[in-house]
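Commentary on secondary and tertiary structure
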Amino acid sequence: MVDAPGRQGMTDSEPGLTRLELKAALDPEDADIHLELGHTYAELNRPADAERCFKRVMEIDPARRAAQAALAALYLSVGIKDGAEHHARQVLGADPGNAVASQTLAALLEERGDS
């Protein structure tokens, strides 16, 4: 689980955020909206919110590897290396060409000296 660092200066007027949050609330089964919202939260340095959205996409559509790859990259960015490796390897097992998972795993291996 990612620690919630707070809003870190973000306001509700961030471009598109309020619109996405409303759309997600109105259609909680729309994986596309939750994926976009997760990416937005990640860009706004709200990792706990991003994690929640990526996991929601994985619940809605388990075959959607983009959400799991994004979760792996998020975990790497906040230092949850075991989680990042687990999810990156899982994505690559199902989708060997997934660029995000490949880059995440490569960064982990390079960091460990296993490249």
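In this report, we go over the structure that sits alongside the text. One numbering rule holds for all chains: residues counted from 1, following each sequence as written. Only residues with pLDDT of at least 70 are given local features in this predicted model, and only at 80 or more are side-chain atom pairs given and counted; all residues enter the totals for whole chains, interfaces and linings. Side-chain numbers come from the whole structure's heavy atoms, not from hydrogens or water.

1. Side note on the environment of Leu71
Our working definition: Put simply, DSSP marks the helices as runs of H or I at least four residues long and the strands as runs of E at least two long, and each gets a number from the N terminus on. To sort residues, take the accessible area from a 1.4 Å probe on protein chains only and compare it with the maximum for the residue type: under 20% means buried, over 50% means exposed, and anything in between is partly exposed. Should any heavy atoms of two residues lie within 4.5 Å, those residues are considered in contact.
Its location among the elements puts Leu71 in helix α4 (residues 65–77). For Leu71, a relative accessible area of 0% puts it in the buried group. Residues Leu71 and Arg52, 19 residues apart in the sequence, show an inter-C-alpha distance of 9.4 Å. When sequence neighbours within four positions are dropped, the list of residues in contact with Leu71 reads Glu51, Phe54, Lys55, Met58 and His87.

2. Let's talk about unusual backbone geometry
Backbone geometry places Asn45, a non-glycine residue, at a positive phi of 60°. Mapping Asn45 onto the fold places it in the loop between α2 (31–43) and α3 (47–60).

3. Notes on the environment of Arg64
Along the chain, Arg64 falls in the loop between α3 and α4. Accessibility expressed as a relative area gives 22% for Arg64, which makes it partly exposed. Sequence separation between Arg64 and Ala31 is 33 residues; the distance between their C-alpha atoms is 8.8 Å. Every residue in contact with Arg64, bar those within four places of it in the chain, is listed here: Ala31, Asp32, Leu35 and Val57.

4. What about the packing of α4 against helix α5 (residues 81–94)?
Applied cut-off: For helices, the fitted line uses only the C-alpha atoms of the stretch in contact; every axis is such a line through C-alpha atoms, and the angle between N-to-C directions lies from 0 to 180 degrees. Note that the term roughly parallel is reserved for angles under 35 degrees, roughly antiparallel for angles over 145, roughly perpendicular for angles of 65 to 115, and oblique for everything else. Two helices crossing with the near one rotated counterclockwise from the far one by less than a right angle form a left-handed crossing, whereas a clockwise rotation gives a right-handed crossing. Put simply, Ala, Val, Leu, Ile, Met, Phe, Trp, Tyr, Cys and Pro go in the nonpolar bin, Asp, Glu, Lys and Arg in the charged bin, and everything else, Gly too, in the polar bin.
Orientation of α4 relative to α5, taken along the N-to-C sense of each, is 155°, at an axis distance of 8 Å. Between α4 and α5, the interaxial angle falls into the category roughly antiparallel. Of the two elements, α4 crosses α5, and the hand of that crossing is left-handed. Taken together, the residues of α5 that come into contact with α4 (itself represented by Arg65, Gln68, Ala69, Leu71, Ala72, Tyr75 and Leu76) are Gly83, Ala84, His87, Ala88, Gln90, Val91 and Ala94. Considered class by class, the residues forming the contact of α4 with α5 number nine nonpolar, four polar and one charged.

5. Examining α4
Here is the rule we go by: Expected span of a helix, by definition, is 1.5 Å for each gap between consecutive residues, and there is one gap fewer than residues.
Under the 1.5 Å per step criterion, the end-to-end length of α4 is 18 Å for 13 residues, consistent within 8% with the ideal 18 Å. Residues of α4 that are buried make contact with α2, α3, α5 and α6 (99–112). At the C-terminal side of α4, Gly79 shows a positive phi close to 85°.

6. A word on the pattern of salt bridges
Put simply, the test is: Any Lys or Arg side-chain nitrogen located within 4 Å of an Asp or Glu carboxyl oxygen qualifies as a salt bridge.
As enumerated under the stated definition, the model contains 11 salt bridges in all. A salt bridge links Glu36 to Arg19, with the nearest nitrogen and oxygen atoms 3.8 Å apart. Within this pair, whereas Glu36 is found in helix α2, its partner Arg19 is found in helix α1 (residues 17–26), the two being separated by 17 residues in sequence. When salt bridges that share partners are traced, they join Glu29, Arg56 and Glu59 into one network.

7. Quick word on the nonpolar core
The following threshold applies: In this description, a nonpolar core means a group of buried Ala, Val, Leu, Ile, Met, Phe, Trp, Tyr and Cys residues linked to one another through side-chain atoms lying within 4.5 Å.
Within the largest apolar cluster, 20 residues are counted, with the highest numbers of intra-cluster contacts made by Leu37, Tyr41 and Phe54. Looking at this core, the elements with two or more residues in it are α1, α2, α3 and α4. Setting aside its immediate chain neighbours within four residues, Phe54 contacts Leu35, Gly38, His39, Ala67, Ala70, Leu71 and Leu74. Among the nonpolar cores identified, the runner-up in size contains eight residues, and Ala72, Ala88, Val91 and Leu109 belong to it.

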